[in-house]
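Listed below, chain by chain, are the residues.
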Amino acid sequence: MPATAAVNVPAIEYVNVGKSFGNVRALNHISLSIRQGEFVAIVGPSGCGKSTLLSIVAGIVLATDGYVRYMGNEVNGPNQRVGFVTQKDLLLPWRTVEDNIRFPLEVRGQQRDADRRVAEVIEQVGLSGFEKKYISQLSGGMRKRVGIARTLVYKPDVYLMDEPFGSLDAQLRTTMHTDVLRLWRDTGSTMVFVTHDLGEAVVLAERVIVMSGRPGTIKAEVPIEMDKSVFRDAVSIQTAPEFQHYLAKLWSLIKSDEETHA
Ligand SMILES: Nc1ncnc2c1ncn2[C@@H]1O[C@H](COP(=O)(O)OP(=O)(O)O)[C@@H](O)[C@H]1O
Ligand SMILES: [Mg+2]
């Protein structure tokens, strides 16, 4: 797969994707195109196939129907160009912070310049001074930063984030939101962020995809027309009137789904 693609090629394109796990129909008729550099959030009830949608892009799960194109190429197996960040980052407890962050470069055989790249990323996520610590010596927020740094280090084109901040307290989540928005702005990467927290979706994304209950289908798309760069941080985004407007809109969409499934 080429490392770069023409700018007009979508980063991700789902073409009529369906997925069954045995008798369980997880996804139905998913067609969705995500621009390079776009920030998209996917919301929907638990079990509607959000994680499966990301796993198909990463090539960990294969679609039963339809297909996914990644930077113009059909995904048929593990896709190492994506950065996958999940709620349970499987950090290696016997390695230090810097050695955890170096690990993906070792796996990929990208040893050249690894030390410099690791140092750069540690600085970028605010872990300077903690290079030699072991994972057990870190707070929850710092572990999260190691998880993100471990992905950042190999410069993925696309970040797939699956409820990455679900385990963090509200204050720390907000700090991480500010960081993710900065990361997105600085790298120009494509972000696909799965969450069941509607506020998180509005704070972060340029477009929110609302899914129905299982089998998951796309039920609505809500463009979030706010210039986030004028806000100092994620807290101030939440105080804007537009934030409340979009939050209410998403709530009403989700609520109408609950009523039809009740
Ligand atoms: N590997 C698997 N084997 C069997 N069933 C699965 C597997 N992965 C997911 N499922 C089922 O598919 C549905 C969608 O799962 P998932 O994508 O994890 O939903 P979400 O992330 O929206 O909560 C669920 O009913 C789940 O139990
Ligand atoms: Mg999930």
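As the structure is a prediction and not an experimental result, all values here were calculated from the model. (Residues numbered from 1 in each chain as written. Chains lettered and ligands numbered in written order. Predicted model: local features only at pLDDT ≥ 70, side-chain atom pairs only at ≥ 80, totals over all residues. Heavy atoms only, no water.)

This paragraph deals with the packing of aromatic side chains. As enumerated under the stated definition, the model contains three aromatic pairs in all. Between F39 and W184 the ring centres are 5.4 Å apart and the planes differ by 75°, which places this aromatic pair in the edge-to-face class. Placement of the pair is F39 in strand β3 (residues 39-43) and W184 in helix α5 (residues 170-187), with a sequence separation of 145 residues. Through successive ring pairs, a cluster of aromatic residues spans F39, F165, W184 and F193. Of note, K19 hangs over the ring of F21, and the distance from its end group to the ring centre comes to 5.0 Å. (Phe/Tyr/Trp six-rings, centres within 6.5 Å; stacked < 30°, edge-to-face > 60°. Helix = DSSP H or I, 4+ residues; strand = E, 2+ residues; numbered from the N terminus. Lys NZ or Arg CZ within 6 Å of the ring centre and 35° of its normal.)

So, on to the environment of L181. Its place among the elements puts L181 in helix α5. Using a relative accessible area of 4% as the deciding quantity, one classes L181 as buried. Separated by 53 residues in sequence, L181 and A234 place their C-alpha atoms 8.3 Å apart. (Buried < 20%, exposed > 50% of the residue type's maximum accessible area, 1.4 Å probe, protein only.)

Remark: helix α2 (residues 97-107) packs on helix α3 (residues 114-124), axes separated minimally by 10 Å, with the N-to-C direction vectors making an angle of 125°. As summarised for this structure, α2 and α3 are arranged oblique, according to the angle between their axes. Like other packed secondary-structure pairs, α2 and α3 cross with a definite hand, here right-handed. Taken together, the residues of α3 that come into contact with α2 (itself represented by E98, I101, R102 and L105) are A114, D115, R117, V118, V121 and I122. Along the lines of polarity and charge, the residues of the contact of α2 with α3 split into six nonpolar, no polar and four charged. (Axes fitted to C-alpha atoms, helices over the stretch in contact; angles between N-to-C directions. Parallel < 35°, antiparallel > 145°, perpendicular 65-115°, else oblique. Left-handed = near helix turned anticlockwise from the far one by under 90°. Contact = heavy atoms within 4.5 Å. Nonpolar A, V, L, I, M, F, W, Y, C, P; charged D, E, K, R; others polar.)

Taken together, F21, V24, A26, P45, S46, G47, C48, G49, K50, S51, T52 and R214 make up the full set of residues near ligand 1. Contacts to ligand 1 include S51, whose side-chain N or O atom sits 2.9 Å from an oxygen atom. Here ligand 1 loses 59% of its free accessible area of 560 Å² to cover by the protein chains. Within the residue set of the shell around ligand 1, elements represented by two or more residues are β2 (24-34) and α1 (50-57). Examining the composition of the shell around ligand 1, we find that three residues originate from one element, α1, more than from any other. (Near = heavy atom within 4 Å. Polar contact = N/O pair within 3.5 Å; in protein donor to acceptor, adjacent residues only side chain to side chain. Areas by Shrake-Rupley, 256 points an atom, 1.4 Å probe, with all protein chains shown as cover.)

Moving on: the domain arrangement of the protein chain. For the protein chain, the assigned domains are domain 1 (36-60 + 76-81 + 158-262) and domain 2 (88-155). Centre-to-centre, using C-alpha coordinates, domain 1 lies 25 Å away from domain 2. Tallying the contact residues gives twelve residues for domain 1 and eleven residues for domain 2. Here domain 1 meets domain 2 over a buried area of about 1000 Å², counting both sides, of which 59% is carbon and sulfur. Summed over the three residues of domain 1 that lose the most area to domain 2, namely Q80, Y159 and M176, the buried surface amounts to 41% of that side. Connecting domain 1 to domain 2 are one salt bridge. One can count four residue pairs in polar contact (both at pLDDT 80 or more) joining domain 1 with domain 2. (Domains from an automatic or database assignment. Buried area = accessible area lost by both parts, 1.4 Å probe. Salt bridge = Lys/Arg side-chain N within 4 Å of Asp/Glu carboxyl O.)

Turning to its location among the elements, R150 is positioned in helix α4 (residues 140-152). Under the relative-accessibility criterion, R150 is labelled buried at 17%. Not counting the four nearest positions on each side in its chain, R150 is found in contact with D89, L90, L91, N100, I101 and P104.

Before going further, it helps to examine the nonpolar core. In this structure, F39, I101, V146, V208 and M226 are the most contacted members of the largest nonpolar core, which totals 54 residues. Inspection of this core shows a minimum of three residues originating in each of domain 1 (36-60 + 76-81 + 158-262) and domain 2 (88-155). Core analysis: the second largest hydrophobic core is formed by 28 residues, A11, I12, L27 and I34 among them. (Core = buried A, V, L, I, M, F, W, Y, C linked by side-chain atoms within 4.5 Å.)

A few words on unusual backbone geometry. Going from R214 to P215, the amide bond is cis rather than trans, its omega being -5°. Looking at the element boundaries, P215 is found in the loop between β9 (207-211) and β10 (218-223). Look at N16: it is not a glycine, yet its phi comes out positive at around 45°. You can see N16 is positioned in strand β1 (residues 12-21). Of note, M71 is a non-glycine position whose phi angle comes to about 50°, a positive value. If you trace the backbone, M71 turns up in the loop between β4 (65-70) and β5 (73-74).

Here the focus is the sheet that holds β2. Judged by pairing direction, the sheet is antiparallel, and its four strands sit side by side in the order β2-β1-β4-β5 without closing on themselves. Of all the strands in the sheet, just β2 and β5 have a single pairing partner and so form its edges. The pairing of β4 with β5 spans two bridges and is antiparallel. If you follow Y70 over to β5, its bridge partner there is N73. (Pairing = 2+ DSSP bridges.)

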